[in-house]
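Commentary on secondary and tertiary structure
In case you want the letters, here they are:
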Number of protein chains: 2
Amino acid sequence: MKKALVLLSGGQDSTTCLFWAKANFDTIEAIGFDYGQRHKLELELAAQNAKEAGIPFYVTKVSMLTDIVPNALTSQTIDVEEVVGEGSAPNTLVEGRNMIFITYAGVYAKSKGINNLVMGVGQTDYSNYPDCRDEFIQSAKQTLSLALDYQMEIYTPLMWKSKAETWQLADELGVVDIIKNKTLTCYNGVIADGCGNCPACKLRNKGWQEYVNSKG
Amino acid sequence: MKKALVLLSGGQDSTTCLFWAKANFDTIEAIGFDYGQRHKLELELAAQNAKEAGIPFYVTKVSMLTDIVPNALTSQTIDVEEVVGEGSAPNTLVEGRNMIFITYAGVYAKSKGINNLVMGVGQTDYSNYPDCRDEFIQSAKQTLSLALDYQMEIYTPLMWKSKAETWQLADELGVVDIIKNKTLTCYNGVIADGCGNCPACKLRNKGWQEYVNSKG
């Protein structure tokens, strides 16, 4: 009986992973984090998608020290900027976020007898977020297993996929309509196709076009 | 200019580390975590000791999923038990605690341009807490550095010390009186020598006796 816990934000990537996990594990649950992100709609969509798929979804509040380290993703007063130089992180970076999420998810998973986490992070197209890289995930898996004295795996099915390939995966899983219409990726909080102008929308929509073109 | 951030709880070990860091770094700051621990007095003592030593002390609230994973350290209704079998963790274990603390401390340290964390954990005498072991700390250092894309060191001056040796270190640092009278280790919230009966008091007092005997 293979059980997995999916880290679900309500965006394109984690929602695709939710259905990937549903297809690849016997039982799945999902966990979401309320860390003061600008757009609560993202978590509401996550809850709705999980409910319709019959997957238990637990949401917990988490502090992100955002009073100490301001960023555009939790602040209402900082505008999202395009990445300026090669190698510099965007101002939507929430420092330490994935390490915090992984730790809480691990604690929750252990309490449920679950040994597998599933996350929508990836290092293709992902604009310099250090905590989305495979090297970080592999290290975090090791640290988490030691912290909890409990063997944990972390699956990242999108690690090496482009956005177009992520759309392709959704297609294979038969959930393109859900991903297209019931997820929020846009930094400006516009559901589905989004505002079209923020970096997240540009990436998502470019991927969609490539995927559509590849289908011919 | 070597700068360090000390993870300070207000107990014997972290307070000893505060003074160890003061003696070994040019500038130090301290961070504390309010995670719903039973005895707020511990953090108050931490604040007092930091203030008297002229060290900036920042306290942040942190969730520990204690609604999900109950334990005797944050619950008012669970009694602290002695460890039953070899290899089993005590019911004062707060799952994932040090991994969460290390992540927040790392985010805070990076925001201040600090590359060194100092923690009072150790694997001698430490009753099976998996996240006090050196193997965990070494792995966490690696994961944290990757998460933040920022080289971080974690110093654990008590890792291989017995409680008697920790008293000896306080003596060498000239702070035995502070550690003896102004720290809280007791699970029942009794300052200094404590209740004398809980596992933490027994360990602390046994170490004290050994240290006194070794001085002859």
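Residues numbered from 1 in each chain as written. Chains lettered and ligands numbered in written order. Predicted model: local features only at pLDDT ≥ 70, side-chain atom pairs only at ≥ 80, totals over all residues. Heavy atoms only, no water.

**Describing the interface of chain A and chain B**
- Taken together, the 33 residues of chain A in the interface contact 33 residues of chain B.
- Taken together, both faces of the contact between chain A and chain B bury some 3100 Å²; the carbon and sulfur share is 68%.
- Applying the counting criterion to the chain A and chain B interface returns 2 salt bridges.
- Its salt-bridge partner being Lys110(B), residue Glu95(A) comes within 2.8 Å of it at the nearest N-O pair.
- On inspection of chain A and its partner chain B, the count reaches 9 residue pairs in polar contact (both at pLDDT 80 or more).
- Elements that contribute at least two residues to the side of chain A that touches chain B include exactly strand E3 (57-61), helix H3 (97-111) and helix H4 (134-148) of chain A.
- Looking at the side of chain A that touches chain B, the element that brings in the most residues is H4(A), giving 10 residues.
- When grouped by side-chain class, the residues that make up the side of chain A that touches chain B number 17 nonpolar, 8 polar and 8 charged. (Contact = heavy atoms within 4.5 Å. Buried area = accessible area lost by both parts, 1.4 Å probe. Salt bridge = Lys/Arg side-chain N within 4 Å of Asp/Glu carboxyl O. Polar contact = N/O pair within 3.5 Å; in protein donor to acceptor, adjacent residues only side chain to side chain. Helix = DSSP H or I, 4+ residues; strand = E, 2+ residues; numbered from the N terminus. Nonpolar A, V, L, I, M, F, W, Y, C, P; charged D, E, K, R; others polar.)

**Structural notes on the side chain of Thr183(B)**
- Looking at the secondary structure, you find Thr183(B) in the loop between helix H6 (176-181) and helix H7 (199-215).
- Not counting residues up to four positions away in its chain, the partners in contact with Thr183(B) are Gly10(B), Gly11(B), Gln12(B), Thr15(B), Leu45(B), Asn49(B), Ile178(B), Ile191(B), Ala192(B) and Arg204(B).

**Observations regarding the sheet that holds strand E5 (residues 153-155) of chain B**
All names here are of chain B.
- If you walk across this open sheet you meet the 5 strands as E3-E2-E1-E4-E5, and the pairing is parallel. Pairing within the sheet leaves two strands with one partner each, and these edge strands are strand E3 (57-61) and E5. Each strand axis lies, on average, 25 degrees off the axis of its neighbour in the sheet, ignoring direction.
- Here 5 bridges tie strand E1 (residues 3-7) to strand E2 (residues 27-34), and the two strands are oriented parallel to one another. Across the sheet, residue alanine 4 finds its bridge partner in E2, namely isoleucine 28.
- Sitting on the sheet, helix H3 (residues 97-111) touches E1, E2, E3, strand E4 (116-118) and E5, and the angle it makes with E2 is about 140 degrees. (Pairing = 2+ DSSP bridges. Axes fitted to C-alpha atoms, helices over the stretch in contact; angles between N-to-C directions.)

None of this, on its own, says anything about what the molecule does.
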